Amino acid sequence: QVQLVESGGGLVQAGGSLRLSCAASGSIFSINPMGWFRQAPGKQREMVATITKGGASNYADSVKGRFTISNDNAKNTFYLQMNSLKPEDTAVYYCNAFVGSRPYWGQGTQVTVSS
C-alpha cells in the first residue's frame, strides 16, 4: 500500500510563511502528478497547486505569486512553500498524488493565519 504523510502546518500571522511537506512511502514505482488541495470551514475542497513529475506546475489564481509547489523525485516527497500568507488561506491542507493510476490522499494538516 501507499501512504502520504503531511507535515509543516501551524499557526502564523498574516504575512508569514510556512512550508508543507508530503512524503510518500510504500510500494512506489512512480508518482505523477501530485498536488495540494485545501478545505476551509463551510467551503468545498479546492485545488491549490499541482505539479507533474517533470516539474510542470499549475496554481489557483488566489495563490499565484505567493505559493510555490516543488517536488523531489528521489525522496518521493513534494512541498508547498507558502509566502505572504493571508487569513483567507486558513484551511486544512491535503496533499494528493497518483501512484500509477490510483489517487492517494494525505491526512490533512491545519494552516491557520491570524490577523
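Here the structure is shown first, and the text comes after it.
The sections below set out a description of the structure shown in this document. What you see is a predicted model; the values in this text were computed from it and never measured.

Rules and cut-offs
The residue numbering used here restarts from 1 in each chain and proceeds along that chain's sequence as written. In keeping with the predicted nature of the model, local features appear solely for residues at pLDDT of at least 70, side-chain atom pairs appear and are counted solely at 80 or more, and the whole-chain, interface and lining totals rest on all residues. The side-chain figures draw on all heavy atoms in the structure; neither hydrogens nor water molecules are used. Each nonpolar core is a collection of buried residues, namely Ala, Val, Leu, Ile, Met, Phe, Trp, Tyr and Cys, held together in the definition by side-chain atoms within 4.5 Å. Burial classification: accessible surface area is computed with a 1.4 Å probe over protein chains only, and a residue below 20% of its type maximum counts as buried, one above 50% as exposed, and the rest as partly exposed. Where helices and strands are cited, they refer to DSSP runs of H or I of at least four residues and of E of at least two residues respectively, numbered from the N terminus. We call two residues in contact whenever any of their non-hydrogen atoms come within 4.5 Å of each other. Paired strands, as defined in this entry, are two strands with at least two bridges between them according to DSSP.

In this section: the nonpolar core. Counting 30 residues, the largest nonpolar core has Trp 36, Val 48, Phe 67, Leu 80, Met 82 and Tyr 93 as the members making the most contacts within it. For this core, the elements supplying multiple residues, two or more each, are β1 (2-7), β3 (18-26), β4 (31-39), β5 (46-51), β7 (67-72), β8 (77-82), β9 (91-99) and β11 (109-114). Element by element, the count of residues in this core is highest for β9, at 5 residues. If sequence neighbours within four positions are ignored, Met 82 has contacts with Gly 16, Ser 17, Leu 18, Leu 20, Arg 66, Phe 67, Tyr 93 and Val 111.

In this sheet, β3 lies alongside β1 in antiparallel orientation, the contact comprising 6 bridges. Its bridge partner lying in β3, Leu 4 is registered against Ala 24. As judged from the 6 bridges shared by β3 and β8, these two strands associate in the antiparallel manner. Bridge pairing in β8 links Leu 18 to Met 82.

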